[in-house]
Every structure is written in structure tokens, then in C-alpha cells.
Amino acid sequence: MAYGPKIIDHYEHPRNVGTFGTQADIKARKDVGVGLVGAPECGDVMQLQIKVNPGTGVIEDAKFKCFGCGSAIASSSLATEWLKGKSLDEGLAIKNTQIVEELSLPPVKIHCSVLAEDAIRAAIADYKTKNGIPADTTAAAH
Amino acid sequence: MTAGNAHRSIYLDNAATTPCDPRVVEAMLPYFTEKFGNPGSRNHRYGWEAEEGVDTARGQVAALLGADEKEIIFTSGATESNNIAIKGAAYMYEKAPAGSGKSRGHIISSIIEHKAVLDPCKRLQKEGFDVTFLEPPKDGIFTAEMVKAALRPDTILVSLMWANNEIGTINEIPRIGALCHEHDVIFHTDATQWAGKMPVDVERDNIDLLSMSGHKIYGPKGIGALYVRRRKPRVRLQALVDGGGQERGFRPGTLNVTGIVGLGKAAEIAKAEMDRDGTRLLALRRKLEDSVTSRLDHCAINGHREKRLPHITNISFGFVEGESLMMACKDIAVSSGSACTSASLEPSYVLKGLGVGDDLAHSSLRLSLGRFTREADVDYAAEQIVQAVKKLRELSPLYDMHNEGIDLSKVEWGHH
């Protein structure tokens, strides 16, 4: 597939790759929310982790790992860039269509942006659950 | 000159197509400009020259297959050969008329055939024939016993590929052919990946119908051949196209003389250089496989370890996805079983058919070597693949989870 320069750039130089600890560590940490979406047999799994400042409610750091095609890697890389410095509500406002537009994703790859939006929502929901914050009614889970 | 500053990557996709051998191009050239006649023109030199070129080529292809010249039908390629063979035999030997409500006859094929066999079989199924699609064992190899178990009194035709295009596994073709002859069943083999690479003798190997293609054996695209047995038994086929009676009526239409001459030359070279190419490519393939699998954990070669074509290998790499793997290996041109590289967004049906899990089917690469592959190409490719897999595993949440002892098959994954 011939990709545009922004996808290639994120693919070749992915931003914020990593985790804030092992799966067990993360489960125990209240300041970190995790979104793990997709499935290996579908060819895409995204793991997005956000570290939130409990005082300000601002996403201070975000990290990702991704098993998937170039578009999936680029979409999750871009999501981490956009999440940093945002409040939880601002994070929830990120829409897959913005990712499509920013990366010029081809039509057959739109599901990658949907998966990235799902990962954002799942990570924020996980943080809220861990901290007893009621889920935003407008952010319906998938 | 290549267009612009396009980067030429190392070509390891010879099972998809091969470059024309320069000797083939040279043989073809006069037939575009000087010897351009229609071989159907019987009354002047232009026609005779063209006919001579076609006759020579027919002899060259027949020699490659151990056949008689009269048994070679030129077609546009293996897809057309498969269609003429499978539908042509089914219609000719059908047991009950269409629309009678009875089975028109039974055909045996397999679920890991090329689409050019699967789809004609599926059409026949819709038209009232019964088709059994055999499922392969894990090693991908069909034996005569498997075919025997599926034979019925109303079986007309067995169609099984000689070697698989994705994994290179080799079926027991001579024994399956012998079985078919014992039971008076027509035997067709799609030999697209085999003929010209490995020895064929249609007598020894008990073949009635054989499809082959020019562009897989360093000939031009748009030309292929169908071998149709003429004696013991004489195989009859119902033509699918009507016209001027060329190619014994099986394939009417003015002959593609340049393509035919090219196919003939390619067949001649293949016959002469088969042993040397095969030995060299087997050594290179083994080097490639050893180099990759010794440096990476969790990778598996798909299909039978030994009974494979010398030039094709298909390797699954756990915890990485095929399309991103191909992006990372940007200096080598290969194929992947990944869904993301196919229009259908489905992972390889061949690998799924072997029972390879969807996750591993998504992370497979097919590497196919050819006459013009050098050892340095293989070394470079191995290095690039190893680096790419390592890089992508750094990115892979699945590899982390695996290394933390999490059983991925027990995780509840979301579904789209």
C-alpha cells in the first residue's frame, strides 16, 4: 500500500513507544489508565496507557504499543501525541475522523483510526474506574 | 532508465511473477516486426514463418512436459488453462443433464488451490455438480490416500495443484494420477509453480490435464499452456469459447505468436537449466531460512519441512503483523499472508486451511527466489527481516504480554 508521508513518518519514528510498567504493575497503579483494544486474529491490537496528574486531572504522559499495520501504528502514535497535556474530557473529544484527516488515512484503513479512538476511550474509562470517577455518559463504551 | 529516482528493491517475489529472461526477449523480438504473420495464413511466407515459430515453441513446451506436440494448447495463462480443463472436462463428462435436478457429477479439489481453480469449481457447484474440497493436513500435503477416501462412483475429475503457490508444498501428484487412472477419473493438475522448475513427465506422472504459465518461468505475461492427453485415455473437453477452430478448437482465436515463441524459449531454457537452478536455489533458500530462524524466537516455517519447492519459503513471525513487517522490510519485495495486504482484509486462506492460527497467518511472509537471485540478496534480506521483526516486537504489546507469561489465547479480546 502506498502511504502518505505523515503515516510513514509516524511508522518510522513512532512517538512515545513503551509502557509505565508490566501488566501487573499497571493494574496496581491508580494514576495510570490502560486501554487494550483489538484482537490478534483481526491483525490489530493497540495498547494505550495514560498517566494522569491526580491533582489537576491532566494527562501528563502517554505511551503506546501496537501490533498492527502501518496505519494502526501511526494512529496510535498520533493519539499519544495528542493526549499529552489534555484533560480527560479533552481527550474524550478526540474523534477518529481527526486522525483520518491528520494522517490522510486511505479509506480501507479507517478502522485503524476507530481503534485508536476506542483505545483513548478505554484508557480514560480505566483511569476513571480505578479512581471512582463516574463515566461520562456521552462517552459510551464500545 | 527507471522512472524518476524510484528505488529498486531486492526482488524476492518470484512466485508472483518472474522477469523475462533476456534470451526469451531476444527470441520474441523478430515476431513483433519481421515475422509478424498470422499462423492461420496458409498461402504466404508471412503466415508460414509465424507458424514455424509456433511449431517450434509447441515442441519446446512438449519437451518440457514429456508430451507430444499435438497435446499442447496455448492459452492466455494458467487461469485460462484451469478454466478450460476443469469446466471443459466437467461439461464433457457430466453424468446428468443440467436442470434435471440430479447431480451432474462429482469433482474433487482442495481448499488451498489457487483461486483460478477454486472459482471454476465453485461455479460448477452452482451449476449442479458436486464438488468435494479436500482439507489439507497441517503439513499441507495431499496424498493419494486422501484422494482415494473422497472418490465416488460418479467422480468425473480430480483437480489438485502440483505445488502450492503460497507455501511451496508438493503434493503426491504421480500417485494421485495413478489412482485416478485406476478409477477412470480424469486428473488435472495446476502446475503453475512446478512446471519449468521441477521435472515433469506426463506419462510417468499419470497426468491427463496440466496447466502452466509463461511468466512464472521467465517468459512473458499473458501466455500459458494446457496439456491435454490424447491417448490412454483420449481426454475430450467442451470448448468454452467458439471461433475459428485454432488449437484444435479448445482455444480458438488468432494465436499470440510473440507470447508463444517466448513461452517456448522459456521452456527450453528451463529444461536445460532446471537442475542447476534448483540446486542453487535450494541452498539459498535453506541459508535464508536458517539465517532468519536461528536469530529470532517464535518464528515458524509453514508447510512440510522437506517436501517443498526449492525456491519458496513462507515464514510466520509471532507477535508482529505482516503489513507493518513488509513496510519495515522496504528494501525487499515480498508477499505477506496478512489481511492488510489483501483487498478482502482476510488473512491467507491457505495458511488458515493448514490450521495456522489467524494471528500467525497475519504475520507471515512469503519469500520466493529465482534465477536472478544472488547470495548477497538473500543475506541482505535475512538481515533486514531480522532487524524488522526485532523493531516491531519492541512495539508489540503482544510480545510484552507473552514475555510476562500471559497466555494470549486466554485474554478476552474486543471484537470489531
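Because the structure is predicted, anything quoted here is derived from the model rather than measured.

Caption draft 1: Looking closely at the overall build of chain A. For chain A, the count of helices and strands is six helices and three strands. Listing each helix as α and each strand as β along chain A from the N terminus yields α-α-β-β-β-α-α-α-α. Expected size for 142 residues packed as a compact globule is a radius of gyration near 14 Å; at 14 Å, chain A falls within 12% of this value. With the principal axes as the frame, chain A shows a C-alpha extent of 45 × 30 × 30 Å. Across the 142 residues that make up chain A, the buried fraction comes to 51%. Just so you have it, chain A exposes about 5,900 Å², and 56% of that area is on carbon and sulfur atoms. Counting 15 positive and 17 negative side-chain charges, chain A places the centres of these two groups 4 Å from one another.

Caption draft 2: Inspection of the sheet that holds strand β10 (residues 312–317) of chain B at higher detail. All names here are of chain B. If you trace the four strands from one edge of the open sheet to the other, you get β9-β10-β13-β12, paired in antiparallel fashion. With one partner strand each, in any of the chains shown, β9 (299–301) and β12 (335–336) form the two edges of the open sheet. Where β10 lies against strand β13 (residues 364–368), five bridges are found, and the strand directions are antiparallel. Note on β13: the bridge partner recorded for Thr313 is Leu367.

Caption draft 3: Fine view of the side chain of Glu113 of chain B. Residues and elements named next belong to chain B. By secondary structure assignment, the location of Glu113 is in the loop between β3 (106–110) and α5 (115–126). No salt bridge is formed by the buried Glu113; its nearest oppositely charged neighbour, Lys122, is found at 12 Å. Within the structure, Glu113 has its side chain in polar contact with the backbone nitrogen of Met161 (distance 2.9 Å). Excluding its chain neighbours within four sequence positions, the residues that come into contact with Glu113 are Leu118, Ser159, Leu160, Met161 and Tyr349.

Caption draft 4: Layout of the pattern of salt bridges. All names here are of chain B. In this structure the tally under the stated criterion is 39 salt bridges over all chains. Residue Asp21 is joined to Arg23 by a salt bridge in which the shortest nitrogen-to-oxygen separation is 2.9 Å. With relative accessibility at 2%, the residue Asp21 sits in the buried group. The salt bridge partner of Asp208 is Arg229, with a shortest N-O separation of 3.2 Å. Here the residue Asp208 occupies a position in the loop between β6 (186–190) and β7 (209–213), and Arg229 occupies one in the loop between β8 (224–228) and α8 (257–293), the gap between them amounting to 21 residues. In terms of burial, Asp208 and Arg229 fall into one category: buried. One continuous salt-bridge network, built from bridges that share partners, spans Asp21, Arg23, Glu273, Arg276, Asp277 and Arg371.

Caption draft 5: How the structure looks around the interface of chain A and chain B. Facing the 32 residues of chain A at the interface are 28 residues of chain B. Interface area, chain A with chain B, both sides summed: about 2,500 Å², of which 65% is carbon and sulfur. At the boundary of chain A with chain B, the tally comes to three salt bridges. A salt bridge links Asp400 of chain B to Lys65 of chain A; its shortest N-O distance comes to 2.9 Å. Counting across the interface, chain A meets chain B through 12 residue pairs in polar contact (both at pLDDT 80 or more). Counting residues per element, the side of chain A that touches chain B draws most heavily on strand β3 (residues 59–67) of chain A, at four residues. Of the residues in the side of chain A that touches chain B, the class split is 19 nonpolar, eight polar and five charged.

Caption draft 6: Layout of the domain arrangement of chain B. Residues and elements named next belong to chain B. Along its sequence, chain B is carved into domain 1 (10–18 + 274–402) and domain 2 (22–270). Distance between the C-alpha centres of domain 1 and domain 2: 29 Å. Each side of the interface is counted separately: domain 1 has 27 residues, and domain 2 has 37 residues. Scanning the region where domain 1 abuts domain 2 turns up zero salt bridges. Where domain 1 meets domain 2, there are 17 residue pairs in polar contact (both at pLDDT 80 or more). Of all elements in the fold, only β10 and α10 (349–353) reach the threshold of two or more residues within the side of domain 1 that touches domain 2. When residues in the side of domain 1 that touches domain 2 are grouped by element, the largest group, four residues, is from α10. Residues of the side of domain 1 that touches domain 2, tallied by class, amount to 11 nonpolar, 12 polar and four charged.

Caption draft 7: Region of interest: the pairing of strand β2 (residues 72–75) of chain B. Residues and elements named next belong to chain B. Burial along β2 is two-sided: the residues Ile72 and Phe74 and Ile73 and Thr75 are all buried. Alignment of β2 against β8, held across four bridges, turns out to be antiparallel. Among the inter-strand pairings, Ile72 is bridged to a residue of β8, identified as Tyr227.

Caption draft 8: Spotlight on the packing of helix α1 (residues 5–12) of chain A against helix α3 (residues 70–83) of chain A. Residue and element names in this part refer to chain A. With their axes 8 Å apart at the nearest point, α1 and α3 run at an angle of 80° to one another. Viewed along their axes, α1 and α3 adopt a mutual orientation that is roughly perpendicular. For the pair α1 and α3, contact is made by Ile7, His10 and Tyr11 and by Gly70, Ser71, Ile73, Ala74, Ser77, Leu78 and Glu81, respectively. Across the contact of α1 with α3, the residue classes break down as five nonpolar, four polar and one charged.

Rules of the game
- Residues numbered from 1 in each chain as written.
- Chains lettered and ligands numbered in written order.
- Predicted model: local features only at pLDDT ≥ 70, side-chain atom pairs only at ≥ 80, totals over all residues.
- Heavy atoms only, no water.
- Helix = DSSP H or I, 4+ residues; strand = E, 2+ residues; numbered from the N terminus.
- Rg over C-alpha atoms; globule rule 2.2 N^0.38 Å.
- Buried < 20%, exposed > 50% of the residue type's maximum accessible area, 1.4 Å probe, protein only.
- Areas by Shrake-Rupley, 256 points an atom, 1.4 Å probe, with all protein chains shown as cover.
- Lys, Arg positive; Asp, Glu negative; His and termini not counted.
- Charge placed at Lys NZ, Arg CZ, Asp CG, Glu CD.
- Pairing = 2+ DSSP bridges.
- Salt bridge = Lys/Arg side-chain N within 4 Å of Asp/Glu carboxyl O.
- Polar contact = N/O pair within 3.5 Å; in protein donor to acceptor, adjacent residues only side chain to side chain.
- Contact = heavy atoms within 4.5 Å.
- Buried area = accessible area lost by both parts, 1.4 Å probe.
- Nonpolar A, V, L, I, M, F, W, Y, C, P; charged D, E, K, R; others polar.
- Domains from an automatic or database assignment.
- Axes fitted to C-alpha atoms, helices over the stretch in contact; angles between N-to-C directions.
- Parallel < 35°, antiparallel > 145°, perpendicular 65-115°, else oblique.

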